[in-house]
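# Reading the structure
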Amino acid sequence: MAKKIVVDPIPRIEGHLRIEATLNESNVIEEAYSTGTMWRGIEVILKGRDPRDAWAFAERICGVCTTVHALASVRCVEDALGITIPTNARIIRNLMNATQVTQDHLVHFYHLHALDWVDVVSALKADPKQASAIAQSISPWPKSSVGYFKDLQQRLVGFVESGQLGIFSNGYWGHPAYKLPPEVNLIAVAHYLEALDFQKEIIKIHTIFGGKNPHPNYLVGGMACAIDPNSDTAINIERLMMIKKIIDDTNTFIDQVYIPDLIAIAGYYKGWLHGGGLGNYLSYGDFPETSLADFKTLLWPRGAILNKDLSTVIDVDPRDAAQVTEEVSHSWYTYSGGDSKGLHPWKGETTPSYTGPKPPFEHLDTDKKYSWLKTPRWKNHAMEVGPLARVLIAYAKGDPMIKDTVGLVLSKLEVGPEALFSTLGRTAARGIECKQTAGFMRHYYDQLIANIKTGDYRTFNSERWEPSTWPEECKGFGYTEAPRGALGHWIQIKDQKIKEYQIVVPSTWNASPRDANGNSGAYESALKGTPMINPEQPLEILRTVHSFDPCLACASHLFDMNGKEITSVKIV
Amino acid sequence: MKFNRINVIGLGNLLYGDEGFGVAALQQFEKSTTFRPSVNCIDGGTQGIALLDYIESCDAVIVFDALVPLEYDRRVYVYRNDELPAFIHRKMSSHQMGLSEMIGIARLNGRMPREFVLIGVPPKELELHVGLSPELSRLLPEAVEEGRKIVEEWLAKAEYIS
């Protein structure tokens, strides 16, 4: 009989992502089901409110990719009301977005994903001399002396030996799916700690332009920060120099730490090319060089790829009712016109209707409804969104920077482009993209300085601020590419209030349940066919799910003295 | 002993019933005490990774939080320094970077404050609403008082206060 594995965070705290997988006799995943166990409901909260306030509510969907919902929200309101934002506002938004993507990718790689590839305990056995030699052979990064690695290793030993720390007992340390030599593990642990220290510097850019982080301030019509080189309180030369320094340090860290680590680690795993999945990729595009409507100028191109066919990038129009739709045949909602009929978000409905078992439960009936996530589809295709989608679309469109960097990474790893259609490819794409967005930070900084030098200090267009200037009824679409993928906000405004608001987030695309035709979502499809070494320690599942960088509702932080694993694994 | 900078941090989600205990305790602490500027009160909310700097940058820290103790009586628990476990969990999402990770990392970095105290109570109700359960509301003053006593103890020992 087929075995079933359930990977689920502790449900007592609150709902999250849950994966159920069935295995065949040889422990290969036959089917996987992805479930969002919590309802977001922000669409309902937004109804009837002032559209100028929507960003502040929507931004709080997430405290990690904190700026993206504010950006998509102000863009959809501006689209609806026909507001053009000043050049400075466009540049600052782009710079903040590039900052967000860069920081998020770096944090994801080292602090969420690395432990799927790096065995911390193995680092205890490393020879610091060899670790130093390897580190110096792959990068000019200065923190690479024998003494540095020796000191870290001693701290690590002390940490493990202090006894009351359950830290290493609840990991999958020693799992045979780990392939790195102890020295590379030690280097990775060193950079795990360095990246933690460094990431908090990057995000200071958000506090300079947005006042605070998380949840920096946005504004319908522009940005809420004043530019004045002669003022103490505005964005002045001193602040700009601080930003410049952060951008330079970020580029150094990505070039000298992240990219060399990625290539070194990937080299040991290039035989593990599971987790490709759908082969359908979607990006709305982002980083407008002029206006958002002119999507031909986006530095991240818009488009779709089907069936891994890199020779054709298909045009995408998220305003088209026949393209982006959401259905709910396997989701805990009802639609007035039938659950299996896909609705465009401008016609979207949010009527929750839970029909699942009462928690805590062992299983979900996956033939019926089994998720709080709706089922978004593009022209009826399940799509993957995120760094791999964006990199493949840019690669297929011949973007020179992406072509060069992808080529460099592939040649260093001695693999062909087909290796990109995998979990490892997704992880590599995130690194490649991080290098690109660190470059964007420089690009937008230079643009900002050049524009300020012309004497243009404007950051806000107040023409349509007053509701009396608005049409009686209008609708808008706002998009961005969040670190995790395509994000769209669709708004309808009537009598100066929000009539309807629909949000389709990246993780809804990637973690979606099956549709009415039985087509799997991206996670479900990516897990299929993956061999598991030990089903009780489903490292392979976590590896693939993590490679998508799942964005789940904010966890609460109950302090657990027992050190129980947050993620429980059950085999039934 | 130097106590130039003492951070008092409240953790939790106010929208989630007793989960918000730490933040409620911090608010009470801030209202009921008049310490010198060297004592900083920080509403840490449900932040994880962003808290690291507040932990690593001070001489002593008090954290108020809802907690799951080893034995589960509903009373105020005070844990000091080495009594605090540090775990680095396997996570599903970056949202799950919690206090235990931060302590683990501060220890690995060799940057733990000299004194680290966790004050907390096991939650009774974890449901989506604002406000503590009657049981936790009753325990709140005691938790705040424990925090106040400890800060005074530190300040009394301090050789130099900026």
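Residues numbered from 1 in each chain as written. Chains lettered and ligands numbered in written order. Predicted model: local features only at pLDDT ≥ 70, side-chain atom pairs only at ≥ 80, totals over all residues.

Before going further, it helps to spend a moment on the overall build of chain A. Counting its regular elements, chain A contains 15 helices and 14 strands. What you see for chain A is a C-alpha radius of gyration of 24 Å, in line with the 25 Å of a compact globule of 572 residues. When each of the 572 residues of chain A is scored for burial, the buried share is 54%. Sequence separation of 24 or more characterises 74% of the internal contacts of chain A that already satisfy a separation of 6 or more. (Helix = DSSP H or I, 4+ residues; strand = E, 2+ residues; numbered from the N terminus. Rg over C-alpha atoms; globule rule 2.2 N^0.38 Å. Buried ≥ 20, exposed ≤ 12 C-beta atoms within 10 Å, placed from the backbone. Contact = placed C-beta atoms within 7 Å.)

Residue and element names in this part refer to chain A. On the basis of which strands lie adjacent, the open sheet formed by three strands has the order 10-11-12 and antiparallel pairing. Because the sheet does not close on itself, it has two edges, and the strands there are strand 10 (473–482) and strand 12 (497–504). The mean angle between the axes of side-by-side strands here comes to 15°, regardless of whether they run parallel or antiparallel. Across 10 bridges, the pairing between strand 10 and strand 11 (residues 485–494) is antiparallel. For G478, the partnering residue across the bridge sits in strand 11 and is H489. The strands touched by helix 3 (residues 68–81) within the sheet are strand 10 and strand 11, with strand 10 carrying the most contacts at an inclination of about 150°. (Pairing = 2+ DSSP bridges. Axes fitted to C-alpha atoms, helices over the stretch in contact; angles between N-to-C directions.)

Glancing now at the domain arrangement of chain A. Residues and elements named next belong to chain A. For chain A, the assigned domains are domain 1 (3–116 + 196–571) and domain 2 (121–195). Between domain 1 and domain 2, the C-alpha centre-to-centre distance is 31 Å. Counting from both sides, the interface comprises 23 residues of domain 1 and, opposite them, 19 residues of domain 2. Listing elements by their share of the side of domain 1 that touches domain 2, those giving two or more residues are helix 4 (87–113), helix 7 (182–202), helix 9 (237–269) and helix 15 (539–547). Looking at the side of domain 1 that touches domain 2 element by element, the count peaks at eight residues for helix 9. A breakdown of the residues in the side of domain 1 that touches domain 2 according to their chemical character gives 13 nonpolar, six polar and four charged. (Domains from an automatic or database assignment. Nonpolar A, V, L, I, M, F, W, Y, C, P; charged D, E, K, R; others polar.)

It is worth spelling out the packing of helix 5 (residues 128–138) of chain A against helix 6 (residues 146–161) of chain A at this point. All names here are of chain A. Orientation of helix 5 relative to helix 6, taken along the N-to-C sense of each, is 125°, at an axis distance of 8 Å. By the angle between their axes, helix 5 is oblique relative to helix 6. Two packed elements cross with a definite hand, and for helix 5 against helix 6 that hand is right-handed. In this structure, helix 5 contributes P128, K129, A131 and S132 to the contact, and helix 6 contributes V146, F149, K150 and Q153. The residue inventory of the contact of helix 5 with helix 6, partitioned by class, reads four nonpolar, two polar and two charged. (Parallel < 35°, antiparallel > 145°, perpendicular 65-115°, else oblique. Left-handed = near helix turned anticlockwise from the far one by under 90°.)

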